[in-house]
Amino acid sequence: MEIVPEGKNFRIVPEDELQAVADFLVRYMPESLKPNSQIYESVTVFCPSARADLVDLVTSESILLDLTQPLYLNFTHEAIVNRFEKRYEAHDKITGDVYACDNPPADVDTDGLPPDVELVRLQPEHMKAVHDLYPASDIECREVFEKLVAELPAYGIFVEGQLAAWMVQSYYGAMFSMQTRPEFRRKGYGIYLARRLTKEVAARGYKPFVVIRPENDASRSLYTKLGFEKRFRTVRAVLRPR
């Protein structure tokens, strides 16, 4: 594969500039957009949401991306998606509100769990069960989950040895895929998972955040109890050239 050092609107950053670039980018994470022409692969382009007009540098680029192909945007700031829609038509749009936690709870006590219930850190071998109930399993393969839990914290509630509920840390401080098997719902397991993972994500140096669908009152109630506050709206969509 040929490596192209420069395009119309980009250039490869030399090693001696990487630290300065990283220091700049960290101010805007996770306000990123993830165009994706291969459904399980992506590249990331960072853009401050207050300067969504800079997205035009991507959509006018002739080398960096093949802009004749559809793009998959994974929960991207609404302002950035709106800018993309000047050139693309959005399909299968789903909105989600980003809630972040500045002051994670100090208490991760699990004494309220019954004796036959355990909160356990998950391993890659648990991921088949997790992926089977993941709502977006059609766009995230099981291997993604296996790689995440091999490097990042994930926790599950086990009832008499059976995995009943779980939650995973994703990129940056994202916490996602809180799922509970139908037969174990309404037992309060979610608050134990969210409290534990929120504290651990913060201890790793990240700001914990979640993406909550506007109609999901239960999740919004759970996270606001833990101190999460709404920051902005995001959109997940497939963009097709007009």
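- Per an unreviewed UniProt entry, the chain goes by the name N-acetyltransferase domain-containing protein and belongs to Bombyx mori.

**Considerations on the overall build of the chain**
Now for step 1: Along the backbone of the chain there are seven helices and 10 strands.
Now for step 2: Taken over C-alpha atoms, the radius of gyration comes to 19 Å for the chain, in line with the 18 Å a tight globule of 242 residues would show.
Now for step 3: Each principal axis of the C-alpha distribution contributes one length, and for the chain these read about 60 × 35 × 35 Å.
Now for step 4: By the burial criterion, 42% of the 242 residues in the chain qualify as buried.
Now for step 5: For the chain, long-range pairs separated by at least 24 residues make up 71% of all intrachain contacts whose partners lie at least 6 apart in sequence.
Now for step 6: When the accessible surface of the chain is summed, it comes to about 13,500 Å², and 48% of that surface belongs to carbon and sulfur atoms.
Now for step 7: Across the chain, the mean location of the 31 positive side-chain charges is 5 Å away from that of the 36 negative side-chain charges.

**Observations regarding the sheet that holds strand S9 (residues 209-212)**
Now for step 1: One open sheet holds the four strands; their spatial order is S3-S10-S4-S9, and the pairing between them is antiparallel. Of all the strands in the sheet, just strand S3 (71-77) and S9 have a single pairing partner and so form its edges. For this sheet, the mean angle separating the axes of adjacent strands, direction not counted, is 25°.
Now for step 2: As judged from the four bridges shared by strand S4 (residues 88-101) and S9, these two strands associate in the antiparallel manner.

**Quick notes on the pattern of salt bridges**
Now for step 1: The full count for this structure, using the stated rule, is 13 salt bridges.
Now for step 2: One salt bridge in this structure joins Arg233 and Asp97, with 2.7 Å as the shortest N-O distance. Of this pair, Arg233 sits in strand S10 (residues 228-241) while Asp97 sits in strand S4, and the two are 136 residues apart along the sequence.
Now for step 3: The class for Arg233 is partly exposed, based on a relative accessible area of 28%.

**Notes on a nonpolar patch on the surface**
Now for step 1: A cluster of nonpolar residues, Val13, Leu18 and Val21, forms a patch on the protein surface that exposes about 200 Å² of accessible area.
Now for step 2: Its location among the elements puts Leu18 in helix H1 (residues 18-25).

**Focus: the environment of Thr110**
Now for step 1: As for its placement among the helices and strands, Thr110 is situated in the loop between S4 and strand S5 (117-121).
Now for step 2: Sequence separation of Thr110 and Ser60 is 50 residues, and the distance between their C-alpha atoms is 53 Å.
Now for step 3: Ignoring any residue separated from it by four or fewer positions in sequence, one finds Thr110 in contact with Leu119, Tyr192 and Arg196.

**Focus: the sheet that holds strand S8 (residues 175-180)**
The strands making up a sheet associate through backbone hydrogen bonding, with each pair oriented either parallel or antiparallel.
Now for step 1: Pairing is antiparallel in the open sheet, where four strands are placed in the order S5-S6-S7-S8. This sheet does not close on itself; its edge strands, each paired only once, are S5 and S8. When strand polarity is set aside, the average angle formed by the axes of neighbouring strands in this sheet is 15°.
Now for step 2: Where strand S6 (residues 154-159) meets strand S7 (residues 162-169), six bridges bridge the pair, whose relative direction is antiparallel. Of the residues in S7, the one forming a bridge with Ile157 is Ala165.
Now for step 3: Along the sheet face, helix H6 (residues 189-203) touches S5, S6, S7 and S8 and points at about 155° away from the line of S6.

**A look at the packing of aromatic side chains**
Now for step 1: Scanning all chains against the criterion turns up two aromatic pairs.
Now for step 2: Aromatic side chains Phe84 and Tyr88 sit 5.9 Å apart centroid to centroid with 45° between the ring planes, which places their arrangement in the tilted category. Tyr88 shares its class with Phe84; the two are buried.
Now for step 3: Its end group placed over the ring of Tyr155, Arg196 keeps NZ or CZ at 5.3 Å from the ring centre.

**Description of the environment of Val55**
Now for step 1: The residue Val55 is located in the loop between strand S2 (45-46) and helix H2 (56-59) in this model.
Now for step 2: For Val55, a relative accessible area of 2% corresponds to the buried category.
Now for step 3: It is 34 Å that separates the C-alpha atoms of Val55 and Ala154, two residues lying 99 residues apart in sequence.

About the thresholds
- Residues numbered from 1 in each chain as written.
- Predicted model: local features only at pLDDT ≥ 70, side-chain atom pairs only at ≥ 80, totals over all residues.
- Heavy atoms only, no water.
- Helix = DSSP H or I, 4+ residues; strand = E, 2+ residues; numbered from the N terminus.
- Rg over C-alpha atoms; globule rule 2.2 N^0.38 Å.
- Buried < 20%, exposed > 50% of the residue type's maximum accessible area, 1.4 Å probe, protein only.
- Contact = heavy atoms within 4.5 Å.
- Areas by Shrake-Rupley, 256 points an atom, 1.4 Å probe, with all protein chains shown as cover.
- Lys, Arg positive; Asp, Glu negative; His and termini not counted.
- Charge placed at Lys NZ, Arg CZ, Asp CG, Glu CD.
- Pairing = 2+ DSSP bridges.
- Axes fitted to C-alpha atoms, helices over the stretch in contact; angles between N-to-C directions.
- Salt bridge = Lys/Arg side-chain N within 4 Å of Asp/Glu carboxyl O.
- Patch = residues over 30% accessible without salt bridge, like charges linked within 9 Å, V, L, I, M, F, W, Y side chains within 5 Å.
- Phe/Tyr/Trp six-rings, centres within 6.5 Å; stacked < 30°, edge-to-face > 60°.
- Lys NZ or Arg CZ within 6 Å of the ring centre and 35° of its normal.

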